[in-house]
Structure formats: C-alpha cells, structure tokens
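What follows is each chain in one-letter form.
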Amino acid sequence: MNLLFAHNLSRHYGGLAAVDDVSLAVAKGEVRAIIGPNGAGKTTLVGMISGRITPSTGSIFFKEEDITRKPSWARVQRGIVYTFQITSIYRNLTCYENVALAAQRLLAKSGERAISYAVAQALGRVGLVDEADRLAGVLPYGHQRLLELAMALALAPELLILDEPTQGLAPAEIAAFSELIRAVSRDTTILLIEHNLKVVLELADKITVMDRGIILAEGTPVEIEQHPAVQRAYLGQ
Ligand code: ATP
C-alpha cells in the first residue's frame, strides 16, 4: 500500500516553478531519499507534503485520504511529522520539557503520565535519557539534533520527514545518526532529504532525484548510481 501519494504537485513563485508537476508514491515501511542540487525543489516538495507550503496545483493523499487542504497540525495528527532544517528547540527549556511540549500537542487529553512515558521513550530512542534535565541550549550541536529527532518521535510519526538531518554533524556523529535513522525506520516510513550521498546510499530503499523542480530519476541506490543523467547532473561525472 502507498502510505503517501503526491499527484501532479506544483508550486509556483511568480514565474518560477519551484516544483513542477511532480508525482511521488512512497510505500509503507520504505526509506525514501530525495536528492538533488541546491534549488532543485526538495524542501518545497516536502513542505507541501507536511502542509507548511500550499501547492499551486496537485493533490496529496495519505493512507488514501485526500489531505491537500488539511493544515499541517491535522497532518501531524494523522502521522506526518516534519523536522525542520533549522534546529527548532527551545534553548531555555530542559530536554525533557522540549520533548514534553511536543508530546503534549498529541497527548493533551491523555494526561501527564502518558506524556512522561512518551518523553522517556523518545529520549531513550535517541540516547538522551541522561541529559533529560539539562537545558537544551547548553547541549552540543549534535545532541541538539538528536533532541529534535526525539521531539519528532514523541509525535508518533508514521511518516517521518527529515530535512538534511546530518547537516553540520561531525563524521562520527553522522555514522551514529545513520544508525539511529536505520533503527527508527524499522517501524516508521521515512522521507529523507540528504546531501550526504554516502548516507543516502546506505539508508535508502529508493532514491528520487530532483533537478529544477522535476524528477530526473527514481530507483534503487544501485540504479541511481548507474543512471547516466544522474551521473552527469548530480554526481558530476
Ligand atoms: P536546498 O538543497 O538548497 O535546500 P531545495 O532543493 O530544497 O534546495 P527549494 O528550497 O525547494 O530547493 O527551492 C526551489 C526553488 O524555489 C529555488 O529556486 C528557490 O529559490 C525557490 N523558492 C523556494 N522558496 C521560495 C519562496 N518562498 N519564494 C520564492 N522562491 C522560492
């Protein structure tokens, strides 16, 4: 079953088509990477899927429901969770409080115990349990990215959209983050925008290559590595 189906999506800014008639089907359980040069339209595409950007034309279906006109919060409730490129934590709150704020949005009616359970689970999954009482602002950058992931996991995503999660991380942190994403992918479908091709080739089941608003190629990591248009346009060969 397709968890997500975007049909003929476009987003125009004046005369520019940031995304130009793109269709994308993501199966449940898949790790899908979206790659492409700067300005290819990747962030605009996932922005439309998460509800942050309104499409100029086209439709988006999640579990066969048309969500094109649903606000982003209604999409979060349905299981579409998007972590932003820019770290969106509250620096003056503790790690626990940051994750609790996220969980609260989903579990407001479930009470404090459900929230603290969800927070403990999420912090545990990213390895930050020992940092629970520390202020988010004093954490090293790599840990802040983990905290951001914990906030997303506390929202119980079915489709987790990660926008350049390894950006700014040191090589050892990138390896650890990749492992973590692999673990999360065991029970969560993932849509991953990522510039680090090594990470993409390791993690993705399928890769979509965008360029200038359109899909240039789509396939398995092996197919994409060998695709002549991809080698020319993206891999610079
Ligand atoms: P990057 O890898 O640099 O993040 P991207 O593939 O995510 O790039 P987008 O950010 O989606 O690309 O941008 C696609 C195109 O749309 C670019 O030419 C960009 O300048 C343009 N664009 C994006 N958002 C806006 C906006 N709000 N107003 C005008 N143009 C925009």
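One can find the structure itself at the top, above this paragraph.
First things first, this report covers the structure right here in the doc. This one's a predicted model, so the numbers in the text were calculated from it and none came from an experiment.

Calculation notes
- Residues numbered from 1 in each chain as written.
- Predicted model: local features only at pLDDT ≥ 70, side-chain atom pairs only at ≥ 80, totals over all residues.
- Heavy atoms only, no water.
- Helix = DSSP H or I, 4+ residues; strand = E, 2+ residues; numbered from the N terminus.
- Buried < 20%, exposed > 50% of the residue type's maximum accessible area, 1.4 Å probe, protein only.
- Contact = heavy atoms within 4.5 Å.
- Lys, Arg positive; Asp, Glu negative; His and termini not counted.
- Charge placed at Lys NZ, Arg CZ, Asp CG, Glu CD.
- Axes fitted to C-alpha atoms, helices over the stretch in contact; angles between N-to-C directions.
- Left-handed = near helix turned anticlockwise from the far one by under 90°.
- Nonpolar A, V, L, I, M, F, W, Y, C, P; charged D, E, K, R; others polar.
- Pairing = 2+ DSSP bridges.
- Parallel < 35°, antiparallel > 145°, perpendicular 65-115°, else oblique.

Moving on: the overall build of the chain. Helix and strand content of the chain: nine helices and ten strands. By principal-axis analysis of the C-alpha atoms, the chain measures approximately 50 × 40 × 35 Å. Residues classed as buried in the chain amount to 49% of the 237 residues present. Taking the intrachain contacts of the chain between residues at least 6 apart in sequence as the baseline, contacts between residues at least 24 apart amount to 65%. Treating the 23 positive side-chain charges of the chain as one cloud and the 25 negative ones as another, the clouds have centres 4 Å apart.

Take the packing of helix α3 (residues 95-107) against helix α5 (residues 141-153) next. Remark: α3 packs on α5, axes separated minimally by 8 Å, with the N-to-C direction vectors making an angle of 30°. The way α3 lies across α5 gives a crossing that is right-handed. Contact with α3, carried on its side by Cys95, Asn98, Val99 and Ala102, involves Leu147, Ala150 and Met151 of α5 and no other residues of that element. Here the residues of the contact of α3 with α5 sort into six nonpolar, one polar and no charged.

With that settled, consider the environment of isoleucine 193. Mapped onto the secondary structure, isoleucine 193 falls in strand β8 (residues 189-193). For the pair formed by isoleucine 193 and aspartate 66, sequence separation is 127 residues and the distance between their alpha carbons is 23 Å. Residues contacting isoleucine 193, with those up to four places away along its chain left out, are Ile34, Lys42, Thr43, Val46, Leu162, Asp163, Glu164 and Pro165.

Strands sit in the order β6-β7-β8-β3-β9-β10 across an open sheet of six strands; the sheet is mixed. Across the chains shown, the open sheet's two edge strands, defined by having one partner strand only, are β6 (80-83) and β10 (214-219). Across the sheet, the axes of successive neighbouring strands diverge by a mean angle of 15°, strand direction being ignored. The sheet contact formed by strand β3 (residues 31-35) and strand β9 (residues 206-211) spans four bridges and is parallel. By the bridge assignment for β9, arginine 32 is matched with lysine 206. Here helix α1 (residues 42-50) sits on the sheet and contacts β3, β6, β7 (159-163), β8 and β9; the angle it forms with β7, its principal contact strand, is near 150°.

Next up on the list: the pairing of β3. Side chains on a regular strand alternate between the two faces of the sheet. Along β3, five of the five residues are buried, which leaves the element largely enclosed by surrounding structure. Neither face of β3 is left uncovered, since the one carrying Val31, Ala33 and Ile35 and the one carrying Arg32 and Ile34 both have all their residues buried.

Turning our attention to the pairing of β10. Examined bridge by bridge, β9 and β10 share five bridges and lie antiparallel to one another. Bridge pairing in β10 places threonine 208 opposite glutamate 218. In textbook terms, the turn of a hairpin is the stretch between consecutive antiparallel strands, and for β9 and β10 this stretch comprises two residues, one of which, arginine 212, has a positive phi near 50°.

As a further point, take the packing of helix α4 (residues 112-126) against α5. For the pair α4 and α5, the least separation of the axes is 8 Å and the interaxial angle reads 140°. When the interaxial angle is binned, α4 and α5 end up oblique. With respect to the hand of their crossing, α4 and α5 are arranged in right-handed fashion. Residues Ala122, Leu123, Arg125 and Val126 of α4 touch α5, and the partners they reach there are Leu146, Leu147, Leu149, Ala150 and Leu153.

A few words now on the sheet that holds strand β1 (residues 2-13). Hydrogen bonding along the main chain pairs the strands of a sheet, whether they run parallel or antiparallel. Read from one edge to the other, the open sheet built from four strands follows the order β2-β1-β4-β5, with strand pairing classed as antiparallel. The two strands at the open ends of the sheet, each matched to only one other strand, are β2 (16-27) and β5 (65-66). Judged from the five bridges that link them, β1 and strand β4 (residues 57-62) form a sheet pairing that is antiparallel. Note that in β4 the partner of alanine 6 across the bridge is isoleucine 60.

Everything listed here is a matter of geometry and, on its own, says nothing about what the molecule does.
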